[in-house]
Amino acid sequence: MEHPAAVRATELRKSFIVTERESGVGAALASLVRRRREEVAAVDGISFALQPGEIVGFLGPNGAGKTTTLKMLSGLLHPTGGEVSVLSHVPWKREKAFLRQITLVMGQRSQLVWDIPAADSFELNRAIYRIPASDFKSTVQELTDLLELGPLLRKPVRNLSLGERMKCELAAALLHRPRVVFLDEPTIGLDVTMQRRVRGFIAQYNQRLGATVLLTSHSMADVEALCRRVIVIHHGKLLFDGELAALVGKFTAHKTIAVKLEDGEADGVLAERVLAYLGQYGDVISREEGVVTLRVPREETARVTGRILADLPVIDLTVEDPPIEEVIERVFAAESS
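Residues numbered from 1 in each chain as written. Predicted model: local features only at pLDDT ≥ 70, side-chain atom pairs only at ≥ 80, totals over all residues. Heavy atoms only, no water.

Here's the deal with unusual backbone geometry
For step 1, the next point in the chain: Here serine 88, not a glycine, exhibits a phi torsion of approximately 70°, which is positive.
For step 2, the next point in the chain: As for its position among the elements, serine 88 is in the loop between β4 (81-86) and α3 (96-99). (Helix = DSSP H or I, 4+ residues; strand = E, 2+ residues; numbered from the N terminus.)

What follows is the structure, given as structure tokens:
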């Protein structure tokens, strides 16, 4: 028996009325009498469904409508049109049964009280969500172990680093064990090590509780590590909804081949001959420390790889798809053309 979708959006729309005027004193005075207003579509008729337990990447450039969509899904904004169902609830009705099962974490917004320790903010959330004392204690201990929060909980939030605060933010948002988690740039501003820890925590939370996660991020490492499926929007419209691997296959006509040669083979005159040889198969895009990277048509990859291994003194060879950032740029370029 198929389970109902945890999150479903159908022709979801959100428009805002913005006031415009020219610069200058004259335009400012004129605007006092007559204001020019324009309707701007932040989200323009997108539809998708998330199944229970899925982690889905929600991608798009700044201004694409990602945060607006998350706010509608979590009930902070009322849509201009369309329908939304989250765990069979209408989000903007803000029913208690709905609020107890969802959370929204925004990397640039703090829910912790600045001048008190994070542990005290946790206690406040316990009261708000009416979490039984025994459940609260075990959940705090579990989150503390997963996120290594022990030394942080008694420090005033203002004394925490950005990475430490973000870990506490995640814990505070998950104390009530929500079944649906909306994450808006959860690793923004964190160093590489901290980003890796947060990604690992999100994956563990998903596995332990079977939570549905919708993740927006400009860090493609987040998306590659956590998401098999991605939804891409631009100018409020849906561009792609499917597996990450399919996104790469659909919008990328090339692969990259990195060739590491024996010592000395990438220097001097011989190197020029090697580059000339590789150049007949594709574009040489980099050459450093004995490794030459070649971009070749996807359908030619197997043939070119075989020829390189047969003709050159190769120590190592790797074949990769292009970086996800490049693939996303191609998606936007295709939409704009």
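As for helix α7 (residues 192-209)
For step 1, the next point in the chain: For α7, spanning 18 residues, the distance from its first C-alpha to its last is 26 Å, which sits close to the expected 26 Å at 1.5 Å a residue.
For step 2, the next point in the chain: Every buried residue of α7 is accounted for by Met194, Gln195, Val198, Arg199, Phe201, Ile202, Tyr205 and Asn206. Taken end-on, α7 shows its buried residues confined to a sector of 160°, consistent with a single buried face. For α7, the exposed residues lying more than 90 degrees away from the buried face are Val192 and Gln207. (Expected span 1.5 Å × (residues − 1). Buried < 20%, exposed > 50% of the residue type's maximum accessible area, 1.4 Å probe, protein only. Arc of directions from axis to C-beta.)

Brief notes about helix α5 (residues 133-147)
For step 1, the next point in the chain: Relative to the 21 Å expected for 15 residues at 1.5 Å per residue, α5 spans 21 Å between its end C-alpha atoms, a close match to the ideal helical length.
For step 2, the next point in the chain: For α5, the set of buried residues is Phe136, Thr139, Val140, Leu143, Thr144 and Leu147. Axial view of α5: buried residues confined to an arc of 135°, hence all on one face. Away from the buried face of α5 by more than 90 degrees, exposed residues Ser134, Lys137 and Asp145 are located.
For step 3, the next point in the chain: On the buried face of α5, the contacting elements are α4 (118-129), α6 (162-174) and α7. (Contact = heavy atoms within 4.5 Å.)

Examining the pairing of strand β6 (residues 180-184)
Taken residue by residue, a regular strand's side chains alternate between the two faces of the sheet.
For step 1, the next point in the chain: Among the five residues in β6, five count as buried, and that is most of the element.
For step 2, the next point in the chain: One ladder, built from five bridges, connects strand β5 (residues 102-106) with β6; its direction is parallel. Bridge pairing links threonine 103 to valine 181 in β6.
For step 3, the next point in the chain: Relative to strand β7 (residues 212-216), β6 is paired through five bridges, and the arrangement is parallel. Bridge pairing in β7 links valine 181 to valine 213. (Pairing = 2+ DSSP bridges.)

Considerations on the nonpolar core
For step 1, the next point in the chain: With 52 residues, the main nonpolar core has Phe122, Leu170, Leu183, Val232, Leu247 and Ile328 as its most contacted residues.
For step 2, the next point in the chain: Per-element tally for this core: the top contributor is α6, with seven residues.
For step 3, the next point in the chain: Apart from residues no more than four positions distant in its own chain, leucine 170 is found in contact with Val105, Leu147, Leu183, Val198 and Phe201.
For step 4, the next point in the chain: Counting residues in each nonpolar core, the second largest holds 24 residues, with Phe48, Val86, Leu87 and Phe98 among its members. (Core = buried A, V, L, I, M, F, W, Y, C linked by side-chain atoms within 4.5 Å.)

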